[in-house]
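# Structural features, examined
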Amino acid sequence: MSEEEKEIVVKIKRFSKEKGSWWQDYKLKVDRFTQMTEVLRRIKTEQDPTLAYRASCHMAVCGSCGMKINGEPRLACKTLALDMVRKYGKNEITIEPMDFFPVIKDLVVDWTDFYNRMFKVKPRLYPSKEVLEGKAEHRLKPEDQRELWKFEQCIWCGLCVSACPSVKNDPEFLGPAAHAKGYRFLADPRDTIFDERLKILIDSAWRCTYCYQCFNVCPRDIEPVTTIKKTRAYTKFLREKTPVALTGEKHAEAIVKSIEESGKIEEAKVYISTYGLLTAITDMIYAMQNGKLRYALVTQKKVKDMEQIRKIMGE
């Protein structure tokens, strides 16, 4: 145990309304079992009682201890101090509040917008009238349960939202956590507001950029980006489609056509098919001004044995 002990420096980004932001350093010894929640507890109880942070279960279940550790959105209770030391090769660990969330004090952030986005998807089951009146009961098949189970595990920790560039840039995007929760009920055969829920989710689903950051930081391996992909597949059932959803469908169709014709995704053709010639020319001028046009003009050869590709597409 003594061999595993090491002194570390913890740099915490502090904040108060009166003083604004500043960095503060703390030193303490940790061993191989010391979680970052324990690091924060010891700093608060032994060195600085003014430090503010949230933590509750210490078991990666409640989601309250989300923060940025060495720049990564992580749960402090699921992060061992010495793991961070080994990963980054230095005994200095930085801790900051999560991105996107307004800071209230130190590592404590305001969850209002996050909860508003989550509640927009109506995150509960709406059973039939007969079930509510006790005249019938819902049955869930094993295969349906397998589809839903993974996405039921979201603990609303907000790490995916903190890592998501689309949430920061597009106020109409509900965020990966909301989509994970929304799809969980959209795909539930017991739910009775499919059309209403689909209308809420589809436009937002096509605003995702597929950066996979939510996939990387999720502490429960929920893969929110997978729920967004699955939600997009329901677009054909939507009666009134927004311009964003229509563009998304055109983009998907253009990709399929490109693969069927050449065996590859020919980006230039896909872009023109999706956005039209006028938009493509406008963006081409912008690309030329920024020295990126050469990538758009690369000619590609067709894949050999196209019949095999078409066979796979047919399957």
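Below: a short report on this structure. A quick note: this is a predicted structure, and the numbers were derived from the prediction, not measured.

Counting residues in hydrophobic clusters, the biggest one holds 66 residues, and the most contacted among them are I12, I93 and I95. In terms of residues, this core owes the most to one element, helix α8 (residues 176-186), which gives five residues. Each residue touching I95, except ones within four places of it in the same chain, is listed here: V10, K11, I12, K13, W23, M36, L40, M67, K68 and L107.

Moving on: the packing of helix α13 (residues 267-275) against helix α14 (residues 277-289). Packing of α13 against α14 brings their axes to within 7 Å, and their N-to-C directions diverge by 130 degrees. In terms of orientation, α13 lies oblique with respect to α14. Contacts from Y271, I272 and Y275 in α13 reach L277, T279, A280 and D283 in α14. Tallied by class, the residues present in the contact of α13 with α14 amount to five nonpolar, one polar and one charged.

Let's shift gears to empty space enclosed by the protein. One pass over the full model with this rule turns up three cavities of 30 Å³ or more. If you add up the space inside the largest cavity, you get close to 100 Å³. Around the largest cavity, the lining is made up of 14 residues, and of these C154, C157, C160, C218 and I222 lie nearest the centre. For the lining of the largest cavity, the secondary-structure elements that each account for two or more residues are α6 (159-163) and α8. Class assignment for the residues of the lining of the largest cavity results in twelve nonpolar, one polar and one charged. Counted as a void, the second largest cavity has a volume near 80 Å³. Taken together, 13 residues form the lining of the second largest cavity, with C164, C208, C211, Y212 and C214 sitting closest to its centre. Elements supplying a minimum of two residues to the lining of the second largest cavity: α10 (213-217) and α11 (224-232).

Right, let's get into unusual backbone geometry. The phi torsion at H58 lies on the positive side, around 60 degrees, for a residue other than glycine. Take H58: it is sitting in the loop between α1 (36-47) and β3 (66-69). A positive phi angle, near 60 degrees, is found at E223, a position not held by glycine. When you line up the elements, E223 lands in the loop between α10 and α11. Here E223 falls in the partly exposed class, since its relative accessible area comes to 24%.

Our next topic: the pairing of strand β2 (residues 20-30). Pairing of strand β1 (residues 6-16) with β2 involves eleven bridges; the strand directions are antiparallel. The residue of β2 that forms the bridge with K6 is V30. In sequence, β1 turns back onto β2 through a hairpin of three residues.

Under the defined criterion, the tally for this structure stands at 25 salt bridges. Within the structure, one salt-bridge network assembled from shared partners comprises R14, D48, K105 and D106.

Parameters at a glance
Position numbers for residues start from 1 in each chain and track the written sequence from start to end. Residues qualify for local features only when their pLDDT is at least 70, as the model is predicted, and side-chain atom pairs are given and counted only at 80 or more; totals for whole chains, interfaces and linings, by contrast, use all residues. Just so you know, side-chain values use all the structure's heavy atoms and leave hydrogens and water out. We call a set of buried residues a nonpolar core when its members are Ala, Val, Leu, Ile, Met, Phe, Trp, Tyr or Cys and they connect through side-chain atoms within 4.5 Å of each other. Using a 1.4 Å probe on the protein chains alone, a residue whose accessible area is under 20% of its type maximum counts as buried, one over 50% counts as exposed, and one in between counts as partly exposed. Secondary structure elements are defined from DSSP: runs of H or I of at least 4 residues count as helices, runs of E of at least 2 residues count as strands, and each element is numbered from the N terminus. Residues are treated as being in contact if the distance between any of their heavy atoms lies within 4.5 Å. Here the axes come from fitting lines to C-alpha atoms, over the contacting stretch only for helices, and the angles between their N-to-C directions go from 0 to 180 degrees. Convention used here: angles under 35 degrees read as roughly parallel, angles over 145 as roughly antiparallel, angles from 65 to 115 as roughly perpendicular, and any remaining angle as oblique. Polarity classes work like this: nonpolar for Ala, Val, Leu, Ile, Met, Phe, Trp, Tyr, Cys and Pro, charged for Asp, Glu, Lys and Arg, and polar for all others, with Gly in that last group. Grid points spaced at 1 Å over the protein atoms alone were grouped into cavities, where a 1.4 Å probe fits but cannot get out, and pockets, open sets with protein on both sides within 12 Å along at least five of seven lines, with lining residues defined by an atom within 4 Å of a point. Grid points are joined across faces, edges and corners, and a volume is the space filled by probe spheres set on the points. Two strands qualify as a pair provided DSSP detects at least 2 bridges between them. Counted as salt bridges are all cases of a side-chain nitrogen of Lys or Arg within 4 Å of a carboxyl oxygen of Asp or Glu.

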